[in-house]
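Architecture and fold: a report
Residue strings, one per chain:
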Amino acid sequence: MQIHTGFGDKDLDMRLSNPLHLRDVLEDKRFSKCRIVLLHASYPFSKEASYLASIYPQVYLDFGLAVPKLSVHGMISSVKELLELAPIKKVMFSTDGYAFPETFYLGAKKAREVVFSVLRDACADGDLSIPEAIEAAKDIFSQNAIQFYKINYSVKSSGSENRVSPNFVKVNGNDSEDDVLFVRVIWSDASGQQRCRVVPKNRFNYVVTKNGIGLTFASMGMTSFTDGPADETNLTGVGEIRLMPDLSTKWRIPWIKQEEMVLADMHLKPGEAWEYCPREALRRASKILKDEFNLVMNAGFENEFFILKSILRDGKEELVPFDSTPFCSTSSYDAASYLFHEVIPALHSLNITVEQLHAESGKGQFEMALGHTACMHAADNLIYTREVIRSITRKHGLLATFMPKYALDEIGSGAHVHISLWQNGQNVFMGSDGSSRHGMSKVGEEFLAGVLHHLPAILAFIAPIPNSYDRIQPNTWSGAYKCWGKENREAPLRTACPPGIQHGLVSNFEIKSFDGCANPHLGLAAILAAGIDGLRNHLSLPEPIDTNPSSLDAELQRLPKSLSESLEALEEDNVFTDLIGEKLLVAIKGIRKAEIDYYSNHKDAYKQLIYRY
């Protein structure tokens, strides 16, 4: 039953429209199983309505008519009051456009603005996280009504065979609008370069979502120095795959109007994954971890990058650092704050959490730490983060590069990744108390031991070009020796006890060797494969290194000093064949060999990588 409460018709008695007058009915056992909707936000008695919905299970709220009849302030304050006590799952919206068709449009438009404002403030105040706010918006505008009224529906676009199911799991925070002209279909290849095809929105809706986009086999054999397949990849221009958009990753592009972007899987034909697909490799390794050990790997990336500006020197264009300030400089942040005032909201609009950022040690260098999430989402988020940073800096006439060592006399940039293991929503990497071995659980230690054991071979995935090894040097906080340590930033594997974690326990470990030229899906898949091997064989860790590893040079094994050495380690390590896939592994090795040959013969060619990474 829907009950008219609050304001509305001019003949009602406002003294009697207070919903508190319904308490006798709500407490009558005859009506305890009824479902009652209080209409019009019960304005001006919104607080009273919120109270009733919080204590009576049969009471639900609808804020139609309050939007758009009230002032903007009135609409916002009324919706805020409804959500003070009422569960979000019990609040719904209707336009109540019964008399004038225009009120349907105005109601739909203003309701989105009002709910955005209310939920944005809730996020700023710490009441909700951004993912929770997105879920709340979806509930308020559709899911609550679907469940309440038991609506069994499907929406069919004209001329399309694809139906939208109400049970679809992923919720996009920014559904497409009618003014979208183009959709960018994005993928990252085996050399870590982000590429895209652009299609008109109508074609995307009616053709691409069903049939994908054609792409040559050669695209997964390309190197960082040329757009052609490397010789030993077994990939040529003969043969074609389908780029199939993963609609759960589709977002409105925040830095340009009238465009969307989506990440793509690689299929031989729609529904049949191609064995060279990086996202499928990570998906496959994640499934093994889940099926065998009931574990999920979470990851969170720290992005280091340089911002460069163009100057004219002797009549020639030259790219130089954006500024020349030290680590955590406030003046450096001030100089770049106008960029981050666009970058951070853009990332938030893509449901990407930014935990902190600061100026790094290099001239014009910054670091941005992202929140941790399931590894597939973490890899996807990293791709989108790079897109946002590069695009917004380019919009302002600057260039952002994530390459490991853009200048050999400058500090390097990494993409440090923090890894943890989760089970049933709980972090199980961490030990149960201070007496746990190294502060880790047994599964945490075995997983980390697997990564440490296979780290020389993992470098071929996460430090994938010769320039990567110009960065991985002793005394540069990049991890040059095969070891691990507790809060030791010179170790390539660092266990972390961030604020809020009980002293003596660790919540995750950091891999410092990961850099911005690595395909994030392939890099995480390699880490997963190594960790799974550690779990299967119950590997244990050596004692942690609690000093600068370079002081123990005679005792510790040096990690590969070059891509050639890491490729040799990969050739000798057979654990990746089954978990990554033999054909994909052959292609990766072929690309790495081509990189080694080219850059050894073209010493200055690395300078062009700022335009590719």
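You'll find the structure just up there.
Reading the values: the criteria
Here, residues in each chain are numbered from 1, in the same order as that chain's written sequence. Side-chain atom pairs in this predicted model are given and counted only at pLDDT of 80 or more, local residue features only at pLDDT of at least 70, and totals for whole chains, interfaces and linings cover all residues. Heavy atoms throughout the structure, all of them, feed into the side-chain values; hydrogens and water do not. In DSSP terms, a helix is any run of H or I states spanning at least four residues, a strand is any run of E spanning at least two, and both are numbered starting from the N terminus. The quantity called the radius of gyration is restricted to C-alpha atoms. Its globule counterpart is 2.2 Å times the number of residues to the power 0.38. Residue burial is assigned from relative accessible area. The probe radius is 1.4 Å, only protein chains are included, and a residue is buried under 20% of its type maximum, exposed over 50%, and partly exposed in between. For this analysis, residues touch if any pair of their heavy atoms sits within 4.5 Å. Areas reported here follow the Shrake-Rupley algorithm with a probe of radius 1.4 Å; residue values treat only the protein chains shown as occluding. We count Lys and Arg on the positive side and Asp and Glu on the negative side, and we leave His and both chain ends out. Where a charge sits is defined by one atom per residue type, namely NZ (Lys), CZ (Arg), CG (Asp) or CD (Glu). Among buried residues, the Ala, Val, Leu, Ile, Met, Phe, Trp, Tyr and Cys ones that are joined through side-chain atoms within 4.5 Å form a nonpolar core. Here a cavity means grid points, on a 1 Å grid over the protein atoms only, where a 1.4 Å probe fits yet cannot get out; a pocket means an open set of points with protein on both sides within 12 Å along at least five of seven lines; lining residues are those with an atom within 4 Å of a point. Grid points are joined across faces, edges and corners, and a volume is the space filled by probe spheres set on the points. Residues are grouped as follows: nonpolar covers Ala, Val, Leu, Ile, Met, Phe, Trp, Tyr, Cys and Pro; charged covers Asp, Glu, Lys and Arg; every other residue, Gly included, is treated as polar. Each pair of strands is called paired provided DSSP finds at least two bridges between the two strands. Whenever a helix is involved, its axis is fitted only over the stretch in contact; in every case the axis is a line through C-alpha atoms, and angles between N-to-C directions fall within 0 to 180 degrees. By definition here, a salt bridge exists when the distance from a side-chain nitrogen of Lys or Arg to a carboxyl oxygen of Asp or Glu is within 4 Å. Two N or O atoms count as a polar contact when they lie within 3.5 Å, although within protein this holds only if one can serve as hydrogen donor and the other as acceptor, and sequence-adjacent residues are included solely when both atoms are side-chain atoms. Aromatic rings from Phe, Tyr and Trp, taking only the six-membered ring of Trp, are treated as a pair when their centres fall within 6.5 Å; an angle between ring planes under 30 degrees marks them as stacked, one over 60 as edge-to-face, and anything in between as tilted. Working rule: Lys NZ or Arg CZ, within 6 Å of ring centre, within 35 degrees of ring normal, means a charge sits over the ring.

**What to know about the overall build of the protein**
Along its length, the protein carries 16 helices and 25 strands. Expected size for 613 residues packed as a compact globule is a radius of gyration near 25 Å; at 27 Å, the protein falls within 12% of this value. For the protein, the spread of C-alpha atoms along the principal axes amounts to about 90 × 60 × 50 Å. The 613 residues of the protein split such that 54% are buried. Long-range pairs, those at least 24 residues apart, make up 71% of the contacts in the protein with a sequence separation of at least 6. Carbon and sulfur atoms form 51% of the exposed surface of the protein, whose accessible area is close to 27,800 Å². One finds the centroid of the 64 positive side-chain charges in the protein at a distance of 5 Å from the centroid of its 76 negative side-chain charges.

**Looking at the nonpolar core**
One finds Met297, Ile419, Phe447, Leu524, Ile527 and Phe576 to be the most contacted residues of the largest nonpolar core, which totals 88 residues. A per-element tally of this core places helix H11 (residues 442–462) first, with twelve residues. The next biggest cluster of nonpolar side chains, apart from the first, holds 35 residues, and it includes Leu52, Ala53, Leu70 and Ala86.

**Focus: the layout of surface pockets**
The gaps of empty space that remain are located by a probe, the size of a water molecule, rolled over the atoms. Of the pockets and cavities examined, the second largest pocket occupies roughly 1,000 Å³. Lining the second largest pocket are 40 residues; nearest its centre among them are Glu302, Glu367, His418, Arg494 and Glu510. Elements represented by at least two residues in the lining of the second largest pocket include exactly strand E15 (296–313), strand E17 (354–359), strand E18 (365–370), strand E21 (417–423), strand E24 (493–496) and strand E25 (508–511). Split by residue class, the lining of the second largest pocket holds eleven nonpolar, 17 polar and twelve charged.

**Considering the sheet that holds strand E1 (residues 2–3)**
The four strands lie next to each other as E1-E2-E3-E5, forming an open sheet whose pairing is parallel. Edge positions in the sheet fall to E1 and strand E5 (91–92), since each has one partner strand and no second. Note: strand E2 (residues 36–38) against strand E3 (residues 59–62), three bridges, orientation parallel. Each bridged residue has a counterpart across the sheet, and for Leu38 the counterpart in E3 is Leu61. Helix H2 (residues 46–55) rests against E2 and E3 of the sheet, and its axis sits at about 145° to E3.

**As for the side chain of Glu490**
Secondary-structure assignment places Glu490 in the loop between strand E23 (484–486) and E24. Lacking a salt bridge, the buried Glu490 has Lys512 as its closest oppositely charged neighbour, with an N-O distance of 8.6 Å. Within polar-contact distance, the side chain of Glu490 engages the backbone nitrogen of Asn475 at 3.3 Å. Within the structure, Glu490 has its side chain in polar contact with the backbone nitrogen of Thr476 (distance 3.3 Å).

**Here's the deal with the pairing of strand E16 (residues 316–321)**
Pairing of E15 with E16, which is carried by six bridges, proceeds in the antiparallel orientation. Looking across to E16, one finds that Lys309 is bridged to Val320. Count of turn residues in the E15/E16 antiparallel hairpin: two residues, of which Asp314 carries a positive phi of about 55°.

**Observations concerning the environment of Ala335**
Here Ala335 lies in helix H9 (residues 330–349). Residue class for Ala335 comes out partly exposed when judged on its relative accessible area of 33%. Between the C-alpha atom of Ala335 and that of Arg279, which follows or precedes it by 56 residues, the distance is 37 Å.

**Regarding the packing of aromatic side chains**
Considering all chains together, one arrives at 19 aromatic pairs under this definition. For the pair Phe429 and Phe509, a centre-to-centre distance of 5.6 Å together with 35° between the ring planes defines the contact as tilted. Highlighted residues: Phe429 in the loop between strand E22 (426–427) and H11 and Phe509 in strand E25, separated in sequence by 80 residues. A residue is classified by how much of its surface remains accessible, and Phe429, at 0% relative accessible area, is buried. Grouping aromatic residues by their ring pairs yields a cluster made of Phe305, Tyr333, Phe340, Phe366 and Phe402. Lying over the aromatic face of Phe148, Arg35 brings its terminal NZ or CZ to 4.3 Å of the ring centre. It is Lys90 that lies over the ring of Tyr60; its NZ or CZ is 5.2 Å from the centre.

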